[in-house]
Amino acid sequence: MGNLQRIYQLHRILASRTLPVSHQTLEQLLECSRATVNRTIESLRLYFNAPILYDRERNGYYYELRDAGLFELPGVWFDAQELHALLTMQQLLEQIQPGLLALQLKPMQERLKKILATQQLNDPDAVKRIRILTMLSRQPALQHFQSAASAVLQRKQLDIVYHSRGRDQQTERIVSPQRLTHYRDNWYLDAWCHKREALRSFAVERIAACQMLDHTARNINDSELNGHFASSYGIFAGQAKHTAVLHFTAERARWVADEQWHPHQQGQFLLDGSYELRIPYANETELVMDILKHGEAVEVIAPEALRQTIVQNLQQVQKNYLPERKEK
């Protein structure tokens, strides 16, 4: 039995008894020595403020609950590996988006560190052994992210001022937040837009101002949300209307065959060792960017409209490097 499990077991013993429990009985129930029982009692007192008292007349330990009512250990209980996993997740979140939930997570982090200390597992460098490299992330304003997160969890409407990059316009609108999505190192707010009377996805860093309202948010069920936001390729929402058929070279297939581009993709190796990938999509913008990054190692087989978009992009790239353009 680990130290943390022993602490929990001691709590259950004391909480279930109406009379003091002798030291000898605790040694038998916890299956440990007298010294270990003493350390467990002290850990329960020190780290969890347990109201443990010793009754000399009855030669036993008990909970003093006259004023505080029933004493319960805080939070959900985990073993050492699970606790390390929680601390690691907190560290990962800090690396993904520094400061976003630091204030909210700090009390839990401190509590977890205390629990880990009872098992001599509080290595300060443990969570530094995982490294995450983020690219092209855009930093949202902390207060706007927190307002969006609060509105999502409390099911309240938001009044936002939003600047659209595509149109280069700023508009004010009221939205009913549905969920926050972290996609390619950036945060998006999926919401029902009352101005457009439709579901929309808003880049959180483009929110210039926001205020949570008292009005209850309109609730959209999960199936409708997934049908709108998750059926087509990338962050661009909408029902998938097309299927891209891509052929990757045998050499590039060693990477692409293990990648998930879309939850409903279909892939197969062809006789010559190349790899065919079929991807549903509605808006080709993001898909085109991902295809182009593979250069000569990929060919768009279908649909023809997507193939022509790739050709036009490659022709424009070529023009950018023509000698006469360089001279200008």
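Going by the structure above, here's the rest.
### Examining the packing of helix 2 (residues 23–30) against helix 3 (residues 34–48)
In contact at an axis separation of 9 Å, helix 2 and helix 3 are set at 95° when each is read in the N-to-C sense. By the angle between their axes, helix 2 is roughly perpendicular relative to helix 3. Residue-level inspection shows His 23, Leu 26, Glu 27 and Leu 30 of helix 2 in contact with helix 3, the latter providing Arg 34, Val 37, Asn 38 and Ile 41.

### A short note on the nonpolar core
Grouped together as the largest cluster of nonpolar side chains are 19 residues, with contacts concentrated most on Leu 158, Ile 160, Tyr 162, Val 175, Leu 189 and Phe 202. Those elements that place two or more of their residues in this core are helix 6 (142–154), strand 3 (156–164), strand 5 (186–193), strand 6 (198–203) and strand 7 (207–216). Every residue in contact with Tyr 162, bar those within four places of it in the chain, is listed here: Gln 169, Gln 170, Thr 171, Phe 202, Ala 203, Arg 206 and Ile 207.

### Remarks on the sheet that holds strand 11 (residues 298–302)
What the four strands build is an open sheet, ordered 9-10-8-11; its pairing is antiparallel. Every interior strand has two partners, whereas the edge strands, strand 9 (266–269) and strand 11, have only one. When strand polarity is set aside, the average angle formed by the axes of neighbouring strands in this sheet is 25°. As paired elements, strand 8 (residues 242–248) and strand 10 (residues 275–281) share seven bridges and run antiparallel to each other. Counterpart to Thr 243 in the pairing with strand 10 is Pro 280. Contacting strand 8, strand 10 and strand 11, helix 10 (residues 304–320) runs over the sheet at an angle of about 145° to strand 11.

### Remarks on the packing of helix 1 (residues 3–16) against helix 2
Helix packing geometry: the angle between the two helix axes and the distance between the axes. Put simply, helix 1 and helix 2 touch, their axes get as near as 11 Å, and they point 130° apart. One way to sum up the angle between helix 1 and helix 2 is to call them oblique. Crossing of helix 1 against helix 2: the hand is right-handed. Two secondary-structure elements touch here, helix 1 through Arg 6, Gln 9, Leu 10 and Ile 13 and helix 2 through Leu 26, Leu 29 and Leu 30. For the contact of helix 1 with helix 2, the class distribution of residues is five nonpolar, one polar and one charged.

Calculation notes
- Residues numbered from 1 in each chain as written.
- Predicted model: local features only at pLDDT ≥ 70, side-chain atom pairs only at ≥ 80, totals over all residues.
- Heavy atoms only, no water.
- Axes fitted to C-alpha atoms, helices over the stretch in contact; angles between N-to-C directions.
- Helix = DSSP H or I, 4+ residues; strand = E, 2+ residues; numbered from the N terminus.
- Parallel < 35°, antiparallel > 145°, perpendicular 65-115°, else oblique.
- Contact = heavy atoms within 4.5 Å.
- Core = buried A, V, L, I, M, F, W, Y, C linked by side-chain atoms within 4.5 Å.
- Buried < 20%, exposed > 50% of the residue type's maximum accessible area, 1.4 Å probe, protein only.
- Pairing = 2+ DSSP bridges.
- Left-handed = near helix turned anticlockwise from the far one by under 90°.
- Nonpolar A, V, L, I, M, F, W, Y, C, P; charged D, E, K, R; others polar.

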